[in-house]
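This is what each chain is made of:
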Amino acid sequence: NGAEDGYSSPPLQESVWVTFVKMFPISASIALEIGMSNVALQKLSVTFGTILKGSAPISVMVFGMIFGVEQFSCRVLASILAICSGLGIATIGQGSFDLLGMILQLLSTSLGGIRWALTQRVMQKRYFHDLEEQGVVVDGEQNRSLPTEPNNSISRKPSHAGMTPMTIILY
């Protein structure tokens, strides 16, 4: 075992199956998002498709909250609604409507939100797992302390580490 004599073996590499199980939903959502969007654009005008795609930040926020990578914020919601409303107002009367195309485009947009949220979730877990492997104490979601030794290769979190999918989209 090695734990008794003070030697601990390095953690096992993540198995191919575990990686597949984590990444398959992201890959499937990307494929379905692209396919549905392409079919929808055959049925809709580009203008109306763009209006519907403009609702993507709403999907990202909703699925981010469902998957636990986003917290509700009135300020972010107001920003999203302003963006979506502005896009809608700018394109009033310029699109052709088709029910099937609209449903496919909205489903595609929702799959984009799922993809962003799942990707963020995987990346956050990997980032904090890597920190733990390098000896950084990670004790809870809110209380993360980084090493202070000057010779340690990690002195601070990268600037993108705490960004949620919504923050990334808005920047």
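Parameters and conventions
- Residues numbered from 1 in each chain as written.
- Predicted model: local features only at pLDDT ≥ 70, side-chain atom pairs only at ≥ 80, totals over all residues.
- Heavy atoms only, no water.
- Helix = DSSP H or I, 4+ residues; strand = E, 2+ residues; numbered from the N terminus.
- Salt bridge = Lys/Arg side-chain N within 4 Å of Asp/Glu carboxyl O.
- Buried < 20%, exposed > 50% of the residue type's maximum accessible area, 1.4 Å probe, protein only.
- Phe/Tyr/Trp six-rings, centres within 6.5 Å; stacked < 30°, edge-to-face > 60°.
- pLDDT = per-residue confidence, 0-100.
- Contact = heavy atoms within 4.5 Å.
- Patch = residues over 30% accessible without salt bridge, like charges linked within 9 Å, V, L, I, M, F, W, Y side chains within 5 Å.
- Areas by Shrake-Rupley, 256 points an atom, 1.4 Å probe, with all protein chains shown as cover.
- Expected span 1.5 Å × (residues − 1).
- Bend = angle between axes of the 7 residues up to and from the residue.

Enquirer: What should I look at first to understand the overall build of the protein chain in this one?
Expert: Counting its secondary structure elements, the protein chain contains 6 helices and 0 strands. In sequence order, the protein chain lays out its α and β elements as α-α-α-α-α-α.

Enquirer: Help me out: how do you make sense of the pattern of salt bridges in this one?
Expert: Where charged atoms from two side chains of opposite charge come close, those side chains can pair. Using the criterion set out here, one finds 2 salt bridges in the structure. When the shortest N-O distance is used, the salt bridge between Glu33 and Lys53 registers 3.6 Å. One end of the pair, Glu33, is in helix H1 (residues 16–43); the other, Lys53, is in helix H2 (residues 46–53), with 20 residues separating them in the sequence. Judged by relative accessible area, which is 11%, Glu33 ranks as buried. For Glu33, the salt bridge identified is with Arg115, shortest N-O distance 3.0 Å. Of this pair, Glu33 sits in helix H1 while Arg115 sits in helix H5 (residues 99–133), placing them 82 residues apart in sequence.

Enquirer: Even after reading the chapter, I still don't get the packing of aromatic side chains, so can you show me in this structure?
Expert: Note on aromatic pairs: each is described by the distance of the centres and the angle between the planes. Under the defined criterion, the tally for this structure stands at 1 aromatic pair. Centroid distance Phe20 to Phe24: 5.4 Å. Interplanar angle 35 degrees. Geometry classified as tilted. Pair noted here: Phe20 and Phe24 are both in helix H1, with a separation of 4 residues, about one helical turn.

Enquirer: In this structure, what is going on with the confidence of the model for the protein chain? I would like to understand it.
Expert: As a note on interpretation, predicted positions should not be read in detail where pLDDT is low. Mean pLDDT for the protein chain: 75, with 63% of residues reaching 70 or above. The secondary-structure element of the protein chain with the lowest mean pLDDT is helix H6 (residues 165–170), recorded at 58, while helix H3 (residues 56–66) shows the highest, at 90. For residues 137–156, every residue scores under 50 in pLDDT, and the model assigns this stretch 26 contacts once sequence neighbours within four places are set aside.

Enquirer: Explain H3 to me, please; I cannot follow it from the model alone.
Expert: Within H3 the residues assigned to the buried category are Pro57, Ser59, Val60, Met61, Phe63 and Gly64. Once H3 ends, the next one or two residues include Gly68, with phi positive near 80 degrees.

Enquirer: Is there a simple way to explain the environment of Met65 in this structure?
Expert: Positionally, Met65 belongs in helix H3. Along the chain, Met65 and Ala117 lie 52 residues apart, while their C-alpha atoms are 8.4 Å from each other. If near-sequence neighbours (up to four positions away) are discounted, Met65 is found in contact with Glu70, Gln71 and Phe72.

Enquirer: Could you clarify how one ought to interpret a nonpolar patch on the surface in this entry?
Expert: Where nonpolar side chains cluster on the molecular surface, the patch consists of Ile58, Val62, Met65, Ile66, Phe72 and Leu81 and spans about 510 Å² of accessible area. No other element matches H3, which puts 4 residues into the nonpolar patch. Mapped onto the fold, Phe72 is located in the loop between H3 and helix H4 (74–90). Overall, Phe72 belongs to the partly exposed group, its relative accessible area being 48%.

Enquirer: Looking at this structure, I do not really get H1. What am I missing?
Expert: Since there are 3.6 residues in each turn of an α-helix, residues three or four apart along the chain are aligned in direction. Between its first and last C-alpha, H1 extends 40 Å over 28 residues, near the 40 Å set by a 1.5 Å rise per residue. For H1, the principal kink sits at Met23 and spans about 40 degrees; a proline, Pro25, occurs within the next four residues. Among all positions in H1, only Ile26, Ser29, Glu33, Ser37 and Ala40 are buried.

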